[in-house]
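Observations on chain architecture
Residue strings, one per chain:
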Amino acid sequence: MSAHEITLTVNGEEVREAVDARTTLVDFLRDTLGLTGSHVGCEHGVCGTCSVRLDGVVVRGCLTLAVQCDGHKVETIEGASDSGALADLQETFRTRNALQCGYCTPAMLLTAAELLARGDVPSRAAIREYLSGNYCRCTGYHAIVDAVEAVARARAGATS
Amino acid sequence: MNDRDLPAGLTTLDRPNSYIGRSVPRPNLERLTQGRGQYVSDVSLPRMVHAVFVRSPHAHARIKQIEAGAAKRVPGVIAVVTGAELVKVCTPWVGVLTHLKGLKSAPQHAIAVERACWQGEAVVAVVARSRALAEDAAELTEVAYEELPAVTDAETALDKTTPVIHPDLGDNLTFERTLDAGDVDKALKESDAVVETTFVFGRHTGVTNEPRAVVADWNEGAQRLTVHHGTQAPHMMQNIFGKHLGLAEHQVRVITDDVGGSFGIKVHVYADEMATVALSKLLKRPVKYVADRIESFVTDIHARDHRIKARLGVTNDGRITAFEIDDLTGIGPYSVYPRTSGIEANQIVNLVGGPYACPNYRARARVVFQNKNVMCQYRAVGHPIATAVTEGLVDLAAAQIGMDPVALRRKNLIADDAYPFGSASGLKFEKLSHHASLDKLIAMMDYERLRREQETLRARRIHRGIGFAAFIEVTNPSAAFYGVGGARISSQDGATVRLDAQGAVICHTGVTEQGQGAEAVIAQVVATSFGVPIERVRVITGDTDNTPYGGGTWASRAAGIGGEAAWQAGKALRANVLAVAASILQAEPKALDIRNAAVVDADTGRERIGLDEVARIAYFRPDTLPPGFQAELMATRHYVPRAWPFAFTNGIQASHLEVDLDTGFVTLLDHWVVEDCGTVINPQLVDEQIRGGVVQGIGAALFEHCLYDAQGQLLNGNMADYLVPMAEMPDIQVGHVVTPTADSELGAKGAGEAGTAGAPGAVMNAVNDALRPLGARPITQMPITPGVVLASLGKV
């Protein structure tokens, strides 16, 4: 395997590493950088547990190669947590028990945050549709939808 | 609730720090929402290497030759190990229990020796410095196979012309159970109608989001094995790792931190995990194995593959006279160790007809070997099948005699004042609440309005259905489940609580956290019984070096058994702390209580001394205590149900859905559940267990299916082709009736499986309710795919 040197920004820090061309972004984050908050579920782009932000857009970490991220900005749950940007979502997930095992949760939060960034209060059906690429095997989704809806309403109330 | 050891004038719920019945958030969620969990797949140790497995592409094949030379030459490869080599480190096992009479199985190895018996069985292990390198080397490993005839159809597994998978066993029959209660023939003869059909349930699996994962670390210098293991039962695994690797249990430590979904999948012994542990012993360094998704589908236990011929007799006035079932299930080539693969069929025999007061019941269940992946216990073991069969028959009978399905249930459900009650299959019910639950459900769903709406919409060619499923659920198992059959699976559980040096309480418990909220429930219970704000309780789980011996999490036992042990331990520590305080204060212990982290006068509530001060004196100035007085600031209690072999919960579910007659698609509109799990310790956590369970049951009803071809090849073993419920599920309304068990002071029974038990039957009945006026053939198979719906309508 030939190694490629890549330079990228991960959670605001510049990172320079040599990676194999075949190394996926999520494996790079987890194995090379120790950012284990991004999880691996199916490794073929279906379950969504590996979702991270690439230049602000949520992507599948298992379908993105690390070399593709050369020169780009990646944000993981660790960075999004430390920035405080997800604090209201995280707190509402906690109080509403919108997670059980927590394995899907980092990706679910990032996806929900992307939906909420639109600024409106989506319907429950719209929330369900937006989250349908993120599998949760524990909750049955009801509590997750409750939490996302509650945060949307709270944010709308705060700005109106 | 038994309040016998509480201070006068206060019930448990009145205590200042009572958290029983309150929706307290779980203490571990902030960590998980920030991505700061510690799953086994996250664990990395110094010198750690990675194992991958070359797996049999055939359902049944002789292993003729393994050529590993090229693999071994790959830089970074540490070892390539065959089954014959590993058997010197790890002995084989046989999954039988003596109380399931006649149950037989064959020795199973960590890695196949000479023969592979299902597609996916591990044949060679490759260990390398990275997983990617190990996978590269695995591709260079050449295995020559001689294909053998594969036994895949359970229907013909017992035919004389079918090859016997394990010739030493004589035939392919794993286990058979028959039961004949009352007089079924007479009852059927005297019935006005007998409904008869065959139910077929699709094989499916748990699809935990985190695949199975293990990091084994044999320390040659310490002669100790530490296993980081995503399991539900650390002590059970400690015993098994020790037993098969030739170690004493005290040489084995199993650590279970966060687990990314279990659902019964992670309570069994898996050959590849045993191999990983054996490889660590062989190589004297940490070895990690994480299943990939394809491996998960062909090796995680499957469940629910049953064909059941069933009959029910009923009189014209709606009295159910008899149930009869004949169950056939194929469980793969081995009975799974140590819980066996006979339990699911056994439970179906136990549970069919369970909610109803019908004394006539005949059953036969046959469990057969086949060359497919193994089947074993998955969430709600047997319940979804028994419930769907029972409730499917009840709806067929209601249609046959022209009676409303609710009215027929009301006429036959065991009366709420009939307890204690013994079922036809021999189950003993302490106290259930079928009628109260049904009444509550009918009110919640506004049944009459829904029926009117259904009629109105039908005229507009909108076809909606309403389906019910009453159920019972086994919880809080005593030793009757496994212990009496010889398995070292603890039914008792322990809790140790100690006062730390600043007056906080640390609780070590044998039950484990799988995301269901056991840590929260244990913290609530200890805070209440001891007398501190819940923030001052820290719960430690999942470490055999640091928790009392216990069973872990299965059969909805964590709250009912682990909770009661913690309750008793909290009370014991309170008594110990009050003895210290009394000696400091020169008071009678009985005159004192602990409230809000302080020792107070029991009568007035006036604060006498803080717990921090009690701890300071006991730990740092014991010289000031009276001569001969020894403070004991740690207490352990254990609990196992004794009065009843199992607790039973009950409940009823209803599904409301719409069927598109052109596409066969089913749209779920509403789902209601009323369940009775006894004392509700944390209402939010109970509701979320129910909701999550319901959606897993919906998966069984509509989506999930491990599709095999006639050669034993799994056709859809990936997440794109195997469908699971996505976020487009209905909202699920949950109500409760509360009938505590008198076997414990807390009275909690357990709620982990009720949702899964009832949902498939309710959905199936709702689909049939929608289609019945169209003359459709009743659907009695799952999953109910669009193709199944269109076939029932005669359109395909």
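In this text, all values refer to a predicted model and were calculated from it rather than measured experimentally. Here, residues in each chain are numbered from 1, in the same order as that chain's written sequence. Following the order in which they are written, the chains are lettered starting with A and the ligands numbered starting with 1. Only residues with pLDDT of at least 70 are given local features in this predicted model, and only at 80 or more are side-chain atom pairs given and counted; all residues enter the totals for whole chains, interfaces and linings.

Concerning the overall build of chain B
Under the scheme used here, helices are H or I runs from DSSP no shorter than 4 residues and strands are E runs no shorter than 2 residues, and both carry numbers assigned from the N terminus. For chain B, the helix and strand inventory stands at 19 helices and 31 strands. Scaling as 2.2 N^0.38, a compact globule of 796 residues should have a C-alpha radius of gyration of about 28 Å, and chain B matches this with 28 Å. Once the C-alpha set of chain B is aligned to its principal axes, its extents read approximately 85 × 75 × 45 Å. Two residues qualify as a contact pair if the distance between their C-beta atoms, derived from the backbone, is within 7 Å. By sequence separation, contacts in chain B at least 24 residues apart represent 79% of the contacts at least 6 residues apart. Radius of gyration: C-alpha atoms only; globule rule: 2.2 Å multiplied by the number of residues to the exponent 0.38.

A look at the interface of chain A and chain B
With 41 residues of chain A at the interface, the matching set in chain B holds 43 residues. Of all elements in the fold, only helix H2 (77-82), helix H3 (87-95), helix H4 (105-116), helix H5 (124-130) and helix H6 (142-159) of chain A reach the threshold of two or more residues within the side of chain A that touches chain B. For the side of chain A that touches chain B, the element with the highest residue contribution is H3 of chain A, accounting for four residues. Gly counts as polar in this scheme, as do all residues outside two lists: the nonpolar Ala, Val, Leu, Ile, Met, Phe, Trp, Tyr, Cys and Pro, and the charged Asp, Glu, Lys and Arg. A breakdown of the residues in the side of chain A that touches chain B according to their chemical character gives 17 nonpolar, 18 polar and six charged.

Section: the packing of H3 of chain A against H4 of chain A
All names here are of chain A. As a packed pair, H3 and H4 sit with axes 10 Å apart at the nearest point and diverge in direction by 125°. Between H3 and H4, the crossing angle belongs to the class labelled oblique. Between H3 and H4 lies a crossing of right-handed hand. Packed against H3, whose contacting residues are Leu-89, Gln-90 and Phe-93, the element H4 presents Thr-105, Leu-109, Ala-112 and Ala-113 at the interface. Here the contact of H3 with H4 is composed, by residue class, of five nonpolar, two polar and no charged. Lines are fitted to the C-alpha atoms to define the axes, a helix being fitted only along its stretch in contact, and any angle between axes, read from their N-to-C directions, falls within 0 to 180 degrees. In what follows, roughly perpendicular refers to angles from 65 to 115 degrees, roughly parallel to angles under 35, roughly antiparallel to angles over 145, and oblique to any angle outside these ranges. In a left-handed crossing the near helix is turned counterclockwise from the far helix by less than a right angle, and in a right-handed crossing that turn is clockwise.

Notes on the domain arrangement of chain A
All names here are of chain A. Partitioning chain A into domains gives domain 1 (3-80) and domain 2 (84-159). For every domain, the bounds stem from an assignment made automatically or drawn from a database. Taking only C-alpha atoms, the centre of domain 1 and the centre of domain 2 are 22 Å apart. Listing elements by their share of the side of domain 1 that touches domain 2, those giving two or more residues are strand S3 (52-54) and H2.

Side note on the sheet that holds strand S21 (residues 493-499) of chain B
All names here are of chain B. The strand order S23-S22-S21-S27 describes an open sheet built from four strands, whose pairing is mixed. Of all strands in the sheet, those with a lone pairing partner are strand S23 (537-540) and strand S27 (634-639), marking the two edges. Here the strands of the sheet are splayed against their neighbours by 20° on average, with no regard to which way each runs. Across four bridges, the pairing between strand S22 (residues 505-509) and S23 is parallel. In the sheet register, His-508 faces S23, and the bridge partner there is Ile-540. Should DSSP find at least two bridges between two strands, the strands are regarded as paired.

Digging into helix H10 (residues 383-401) of chain B
For an α-helix the count is 3.6 residues per turn, leaving residues at separations of three or four pointing the same way. In this model, H10 of chain B (19 residues) spans 27 Å end to end at C-alpha, consistent with the 27 Å of a helix rising 1.5 Å per residue. Exposed residues have 12 or fewer other C-beta atoms within 10 Å of their own C-beta, buried residues have 20 or more, and residues in between are partly exposed; the C-beta atoms are placed from the backbone. Of all 19 residues that make up H10 of chain B, 16 are buried, and the element is covered over most of its length. To estimate the expected span of a helix, subtract one from its residue number and multiply by 1.5 Å.

Some details on the nonpolar core
Residues and elements named next belong to chain B. By size, the foremost hydrophobic cluster in this structure holds 312 residues, and its most contacted members are Ala-125, Val-126, Val-127, Ala-278, Val-526 and Val-767. Looking at this core, the element that brings in the most residues is helix H15 (residues 558-585), giving 14 residues. The residues contacting Val-526, other than those within four sequence positions of it, are Val-497, Val-505, Cys-507, Val-537, Ala-566 and Gly-570. In this description, a nonpolar core means buried residues of the types Ala, Val, Leu, Ile, Met, Phe, Trp, Tyr and Cys, linked to one another by C-beta atoms lying within 7 Å.

Let's talk about the domain arrangement of chain B
All names here are of chain B. Domain boundaries assigned for chain B yield domain 1 (12-37 + 492-639), domain 2 (40-148 + 211-259 + 265-299) and domain 3 (386-478 + 644-792). Its C-alpha centre places domain 1 at a distance of 39 Å from the equivalent point of domain 2. With 14 residues of domain 1 at the interface, the matching set in domain 2 holds 14 residues. Split into classes, the residues belonging to the side of domain 1 that touches domain 2 amount to two nonpolar, ten polar and two charged.

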